[in-house]
Amino acid sequence: MNKIISLCKRRGFVFQSSEIYGGFSSCYDFGPLGVEMKNNIKRVWWDEMIKNHENIVGLDAAILMKPEIWKASGHLTAGFADTLVECKSCHKRYRADEVDSKVCPECGGELTKPRKFNLMMKTFVGPVEEDAATTYLRAETCQGIYVNFENVLNSMRLKIPFGIAQIGKSFRNEITPKDFIFRTREFEQMEMQWFCHPKTAAKYFNYWIKERLNWYLNLGIKKENLRIKEHKKEELPHYAKAGTDIEYHFPFGWREIEGIHNRGDWDLSNHAKNSGKDLSYYNEETKEKYIPYIIETSGGVDRSFFVFLIDAYQEIKGGRTETTKAAKEIEILLKLDKKLTPIKVAVLPLVRNKPNIVKKAKEVYEMLKPHFMCQYDELGSIGRRYRRQDEIATIYAVTIDFETLEKEDVTIRDRDTMKQERVKIKDLISVLKEKLGF
Ligand code: GAP
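Residues numbered from 1 in each chain as written. Predicted model: local features only at pLDDT ≥ 70, side-chain atom pairs only at ≥ 80, totals over all residues. Heavy atoms only, no water.

Caption draft 1: Summary view of the sheet that holds strand β21 (residues 396-400). The strand order across the open sheet formed by five strands is β20-β19-β21-β22-β23, and the pairing between neighbours is mixed. For this open sheet the edge positions go to β20 (374-376) and β23 (420-424), each flanked by a neighbour on one side alone. Strand-to-strand, the axes of this sheet are offset by a mean angle of 25 degrees, without reference to chain direction. When strand β19 (residues 345-349) meets β21, the two strands line up parallel, connected through five bridges. Bridge pairing in β21 places V345 opposite Y396. Running at roughly 170 degrees to β19, helix α11 (residues 382-391) makes contact with β19, β20, β21, β22 (409-414) and β23 of the sheet. (Pairing = 2+ DSSP bridges. Helix = DSSP H or I, 4+ residues; strand = E, 2+ residues; numbered from the N terminus. Axes fitted to C-alpha atoms, helices over the stretch in contact; angles between N-to-C directions. Contact = heavy atoms within 4.5 Å.)

In structure tokens form, the structure reads like this:
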């Protein structure tokens, strides 16, 4: 964990929020490489949902909504609350399920009796700070989907079954945010809500569990680090009839990375009741009218970001390159899938003190830049530069050497095999596009 956290900071993936002011607990900023990788995760998910399914459409609903929505969804009642205990002496709070004894793990003080603590984050809309102006930052993105069910259905002339996908920020006043970006108070979710006939809900529930598990496997997560955990009745969230988690084997144990839920007609029925709007669906062919059931897939962007990093992280003792072998150092290799890696191509002049080579390398960089996320690097020995790129998962390194000046070709080095091949500069864009699957 510490090695990954250190890599994240050193190489510009993740920084502590408000760091120069001492840090703001449980909030994180994504640096230049982090934001690229995060955008890649979102793009791959979006493509999977929207491009690979003809009956899933997208949505981007507002974070702020009428507070009535959160009453109808059950989030303002005990349903969306954690049970906490507080130390009577140092006032530190813990989730009741995380402390074994009746005393504070920090100072040994006596703990209060467990009580419910709602996770919704309050805010005020408008110039006056009064109850009438109170609303909440959304705690899950899917409520924006439910209240737009009719708009999307009618405007897109959809027929059941169909899905609505959305990516966006959610907020929860977690009692014990912890484990780096695993549990934070501000995070991003990728959620897809599948509207179907109640009789088909069980079939689609199983279908989406398999689909979502395969998504992680196809992006290179090791099979042995993933498992499915079915929820027992008493573990289900307040809205669900059935629920299954996809879990990952983190350095701190098996934990949820995505939830697949059969939400039944909970959401549409409650919104219909509270808004007064009929949210049932009418099937023209069978003349049947019913409230659709919802199967949801709910994953965290930040949490899968963390998983992809942990799973890709490798340390090679003695190193793979001449420099490290000689120095008996440890080389870090981040074996991210090429779709997720923040930098696709590094452009490296073999040496820095030959103006012709540097000039040519800059020309190649300018040529590639509009097509791929590229990085130009001329500092240090070529071996060190390969290592720096391996550490941030750059998939190809293009090196400009003495031969380039005579033959107009360069070498492409593959991150994983370290094999090098010579390619003509005029063919470079198309060769790289083919390799990267663009
Ligand atoms: N709409 C259903 C829902 O929100 P959830 O199991 O509470 O279900 C779904 O959350 C996913 O959102 C989790 O599997 C996780 O990836 C992410 N998530 C939830 N709370 C989080 C937090 N505090 N920090 C980071 N990610 C979180």
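Now that the structure is up, let's keep going.
Caption draft 2: The packing of aromatic side chains, seen in detail. Across all of its chains, the model carries 22 aromatic pairs by this definition. Both rings, one in F250 and one in F306, keep their centres 5.7 Å apart while their planes meet at 45 degrees; by these two values the pair is tilted. Of the two residues, F250 is situated in strand β12 (residues 242-250) and F306 in helix α8 (residues 301-312); the sequence distance between them amounts to 56 residues. Given the relative accessible area of 2%, F250 is considered buried. Residues Y365 and Y376 carry aromatic rings whose centres are separated by 5.8 Å and whose planes lie at 50 degrees to one another, so their mutual orientation is tilted. Taken as a pair, Y365 in helix α10 (residues 355-368) and Y376 in strand β20 lie far apart in primary sequence, eleven residues in all. Among the aromatic side chains, those forming a connected cluster through ring pairs are Y28, F180, F182, Y248, F250, F252 and F306. Between K203 and the ring centre of Y204, over which it is positioned, the NZ or CZ distance is 4.7 Å. (Phe/Tyr/Trp six-rings, centres within 6.5 Å; stacked < 30°, edge-to-face > 60°. Buried < 20%, exposed > 50% of the residue type's maximum accessible area, 1.4 Å probe, protein only. Lys NZ or Arg CZ within 6 Å of the ring centre and 35° of its normal.)

Caption draft 3: Representation of the sheet that holds strand β13 (residues 253-264) within the structure. Within the open sheet, the seven strands sit side by side as β3-β9-β10-β16-β13-β12-β11. Their pairing is mixed. Across the chains shown, the open sheet's two edge strands, defined by having one partner strand only, are β3 (56-58) and β11 (226-230). For this sheet, the mean inter-axis angle between neighbouring strands, taken without regard to orientation, is 25 degrees. Bridging between strand β9 (residues 162-171) and strand β10 (residues 186-196) involves ten bridges; their strand directions are antiparallel. Across the sheet, the residue bridging to F171 is E186, located in β10. In the packing of helix α6 (residues 201-218) onto the sheet, contacts are made with β3, β10, β11, β12, β13 and β16 (293-300), and the angle to β13 comes to roughly 150 degrees.

Caption draft 4: Region of the structure containing the side chain of E86. Of note, E86 is situated in strand β4 (residues 81-86). There is a polar contact of 3.3 Å between the side chain of E86 and the side chain of R93. Apart from residues no more than four positions distant in its own chain, E86 is found in contact with H91, K92, R93, E110, L111, T112 and R115. (Polar contact = N/O pair within 3.5 Å; in protein donor to acceptor, adjacent residues only side chain to side chain.)

Caption draft 5: Region of interest: the site of the ligand. Near the ligand lie 22 residues; those nearest to it are E140, T184, E191, E256 and E296. Within the side chain of E140, one N or O atom sits 2.7 Å away from a nitrogen atom of the ligand. A distance of 2.8 Å separates an oxygen atom of the ligand from a polar atom in the side chain of R172. Look at the ligand: alone it shows 560 Å² of surface, and the protein chains cover 93% of it. Broken down by secondary-structure element, the contributors of at least two residues to the shell around the ligand are β10, β13 and β16. Considering every element that reaches the shell around the ligand, the biggest residue donor is β13, with six residues. (Near = heavy atom within 4 Å. Areas by Shrake-Rupley, 256 points an atom, 1.4 Å probe, with all protein chains shown as cover.)

Caption draft 6: The arrangement of the environment of R10 in detail. For R10, the position within the fold is in helix α1 (residues 2-10). Note on R10: relative accessible area 46%, which makes it partly exposed. If near-sequence neighbours (up to four positions away) are discounted, R10 is found in contact with I332 and E391.

Caption draft 7: Unusual backbone geometry, seen in detail. Of note, the bond from I160 into P161 is cis; its omega dihedral lies within 30 degrees of zero at 10 degrees. Tracing the backbone shows P161 in the loop between α5 (149-155) and β9. For D179, which is not a glycine, the phi torsion comes out positive at approximately 60 degrees. We classify D179 as partly exposed; its relative accessible area is 22%.

Caption draft 8: A look at the packing of α10 against helix α13 (residues 428-436). The contact between α10 and α13 brings their axes to 10 Å, and the two run at 55 degrees. Our classification of the angle between α10 and α13 gives oblique. Between α10 and α13 lies a crossing of right-handed hand. Taken together, the residues of α13 that come into contact with α10 (itself represented by V364, M367 and L368) are L428, I429 and L432. (Parallel < 35°, antiparallel > 145°, perpendicular 65-115°, else oblique. Left-handed = near helix turned anticlockwise from the far one by under 90°.)

Caption draft 9: Examining α10 more closely. In a regular helix each residue adds 1.5 Å, so 14 residues correspond to 20 Å; α10 covers 20 Å between its end C-alpha atoms and thus fits that length. When we look at burial in α10, the residues that qualify are I357, V358, K360, A361, V364, Y365 and L368. Angularly, the buried residues of α10 cover 165 degrees about the axis, an arc narrow enough to put them on a single face. For α10, exposure combined with an orientation more than 90 degrees from the buried face picks out P355, N356, K359 and E366. (Expected span 1.5 Å × (residues − 1). Arc of directions from axis to C-beta.)

Caption draft 10: Structural context of the domain arrangement of the protein. Examined at the domain level, the protein breaks down into domain 1 (2-63 + 139-309), domain 2 (77-119) and domain 3 (341-436). Relative to domain 2, the C-alpha centre of domain 1 lies at a distance of 28 Å. Of the residues lining the interface, ten residues belong to domain 1; the matching set on domain 2 comes to eleven residues. Summed over both partners, the interface of domain 1 with domain 2 comes to about 870 Å²; 61% of that surface belongs to carbon and sulfur atoms. (Domains from an automatic or database assignment. Buried area = accessible area lost by both parts, 1.4 Å probe.)

Caption draft 11: Fine view of the pattern of salt bridges. Using the criterion set out here, one finds 39 salt bridges in the structure. The shortest N-O distance in the salt bridge between E403 and R422 comes to 3.7 Å. On the criterion of sequence distance, the pair formed by E403 in helix α12 (residues 402-407) and R422 in strand β23 is long-range, its members being 19 residues apart. Exposure remark for E403: the relative accessible area of 32% places this residue in the partly exposed category. Taken together, the salt bridges that share partners define one network made up of D82, R95, D97, E98, K178 and R183. (Salt bridge = Lys/Arg side-chain N within 4 Å of Asp/Glu carboxyl O.)

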